Amino acid sequence: MKKLCLIIFLLLISGCTVKEKTKTIIEYENNYVVSINYPITNIKKLDNKIVKYINKEYNDFKKNNSNYNLELSELNINGSYDIVNDRYVKVYIEKYVYSNKVENFQNISFNFDIKKNKFVNDIGITEIKEKKCIKYTPSNKIINSNKKVIALTFDDGPSIYTESVLNVLNEYNARATFFVIGSKVKYYSDTLINLLDSGNEIGNHTYNHKLLSKLNDDELLNQINKTQEIIKEYTGFTPTLFRPSYGSIKKSQKSMIDLNIILWNVDTLDWKYKNSKVIANRALSKAKDGSIILMHDTHKRSVEALEIVLNELKGEYEFVTISELLKIRMLRSTNEE
Ligand code: ZN
């Protein structure tokens, strides 16, 4: 009887027909849209908790998206609840966040114990599903095909020096291309996103730097595809460029690869020479319009050499990514026709 009374009481307070009673917040500003719909259960303690959760999500969203005012961001929350039995209420929250960096869908459900007035996770119906993917928005730098250009490329990273390379590039308003090793990507995803944000490019440099001529077809494709996938997963960017490890690849293997295979024409040998001035001079003595310079973002001396090179050539050249260089070559050749 007591149990029945409680059920009737619950039905009354939630109301069979007013079960869908919700509160809605809709906000539309220049750079974001917020749409929140959450249930009101009339169980005071539960409602307080839901409101607290909603407020936190809402404030986090506004905080995280205040900088991304170039593109519309969106927060969408939809909540509902079910009376499980005379003791438990199950609350469902669907959360969707979208910005130029993240698209994230969360499906959350949890149980509220009316008797103990608290949330419980031990009656076996709690689930959290999360899908996270990062969106990459390409920068639209204006390319001047008449200016002399150089494409700097950095292989074998990302590493602890990559962020320093980025800082030097930014200081000189220069861009570069980073041919990264797939197995390292997940440890430096923030750095790679920062690179892309500054207009740099990421290329594929195999998963773990194997000598490709020793691999069979499956192993070769695995090295490339695994790296494509992990770069996409952690940065949202899909490379179109491939540089074989050691710059070495068999002719028969080349035909199997869909990506643009990019080597270099100025080698700084920064892995061999330990002196940043020697490394910089190798670049400076050979650099000319259209050069592709090979360096490695895996040594401190390479960062120092980069600074010397940029300081020396800053007025004379524009430092572009490989894709930009390819575009410039195309523009120039069509202009010549
Ligand atoms: Zn390499």
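Just so we're clear, the structure is a prediction, and the values are computed from it rather than from any experiment. Sequence order as written defines the numbering, with residues in each chain counted from 1. Owing to the predicted nature of the model, reporting of local features is limited to residues with pLDDT of at least 70; listing and counting of side-chain atom pairs is limited to 80 or more, with chain, interface and lining totals taken over all residues. Side-chain metrics rest on all non-hydrogen atoms present in the structure, leaving aside hydrogens and water.

Novice: How should I be thinking about the overall build of the protein chain in this particular structure?
Specialist: Only runs of H or I of at least four residues qualify as helices and only runs of E of at least two qualify as strands under DSSP, and these elements are numbered from the N terminus. Counting its regular elements, the protein chain contains nine helices and 15 strands. For the protein chain, buried positions account for 45% of its 337 residues. Should any heavy atoms of two residues lie within 4.5 Å, those residues are counted as being in contact. A fraction of 67% describes how many contacts in the protein chain between residues 6 or more apart in sequence connect residues 24 or more apart. The cut-offs for exposure are 20% and 50% of the maximum accessible area for each residue type, with area from a 1.4 Å probe on protein chains only; residues under the lower value are buried, those over the upper are exposed, and the others partly exposed.

Novice: Help me understand the packing of helix α7 (residues 276–286) against helix α8 (residues 300–313) in this model?
Specialist: In this description, a line fitted to the C-alpha atoms serves as the axis of each element, helices being fitted only across the stretch in contact, and the angle between N-to-C directions of two axes falls anywhere from 0 to 180 degrees. Orientation of α7 relative to α8, taken along the N-to-C sense of each, is 45°, at an axis distance of 8 Å. Judged by the angle between their axes, α7 and α8 are oblique. Crossing geometry of α7 relative to α8 is assigned as right-handed. On the side of α7, the interface is formed by Ser276, Lys277, Ile279, Ala280, Ala283 and Leu284, while α8 contributes Arg301, Glu304, Ala305, Ile308, Val309, Glu312 and Leu313. Amino acid classes used here: Ala, Val, Leu, Ile, Met, Phe, Trp, Tyr, Cys and Pro are nonpolar; Asp, Glu, Lys and Arg are charged; the rest, including Gly, are polar. A class-by-class count of the residues in the contact of α7 with α8 yields eight nonpolar, one polar and four charged. For classification purposes, angles smaller than 35 degrees are called roughly parallel, those larger than 145 roughly antiparallel, those between 65 and 115 roughly perpendicular, and all remaining angles oblique. Definitions for this section: a left-handed crossing has its near helix turned counterclockwise from the far helix by less than a right angle. A right-handed crossing has that turn clockwise.

Novice: How do you make sense of the nonpolar core when you look at a structure like this?
Specialist: Inside soluble globular proteins, nonpolar side chains tend to come together where they are buried. For our purposes a nonpolar core is just a set of buried Ala, Val, Leu, Ile, Met, Phe, Trp, Tyr and Cys residues, chained together by side-chain atoms within 4.5 Å. The biggest cluster of nonpolar side chains holds 35 residues, and the ones touching the most others in it are Leu152, Leu169, Leu306 and Leu310. Counting only elements with at least two residues in this core, the list comes to β8 (149–155), α3 (162–171), β9 (176–180), α4 (189–197), α5 (217–235), α7, β14 (291–296) and α8. Looking at this core, the element that brings in the most residues is α8, giving six residues. Of all hydrophobic cores here, the second largest spans 20 residues; its members include Ile43, Leu46, Ile54 and Val97.

Novice: For this particular structure, what's the right way to read the pattern of salt bridges?
Specialist: Where side chains of opposite charge bring their charged atoms close, a pairing between them can arise. Between Lys or Arg on one side and Asp or Glu on the other, a salt bridge is scored when a side-chain nitrogen of the former is within 4 Å of a carboxyl oxygen of the latter. Per the stated rule, a full pass over the model turns up nine salt bridges. Between Lys56 and Asp60 there is a salt bridge, with the nearest N and O atoms lying 2.8 Å from each other. A residue pair is termed a helical-turn pair when its members lie 3 or 4 positions apart in one helix, as Lys56 and Asp60 do in helix α2 (residues 44–65) at four residues. Residue Lys56 is classed as exposed on the basis of its relative accessible area of 52%. Ionic pairing is found between Arg332 and Asp289, a salt bridge with its closest N-O pair at 3.0 Å. With Arg332 in helix α9 (residues 322–336) and Asp289 in the loop between α7 and β14, the pair connects residues that are 43 residues apart, well separated along the chain.

Novice: Would you mind going over the environment of Phe178 with me for this structure?
Specialist: Relative to the elements of secondary structure, Phe178 occurs in strand β9. Phe178 sits 25 residues away from Gly203 along the chain, and the two C-alpha atoms are 5.8 Å apart. The residues touching Phe178, leaving out its near neighbours within four places in the chain, are Phe154, Thr162, Val165, Leu169, Leu195, Asn200, Glu201, Ile202, Gly203 and Asp297.

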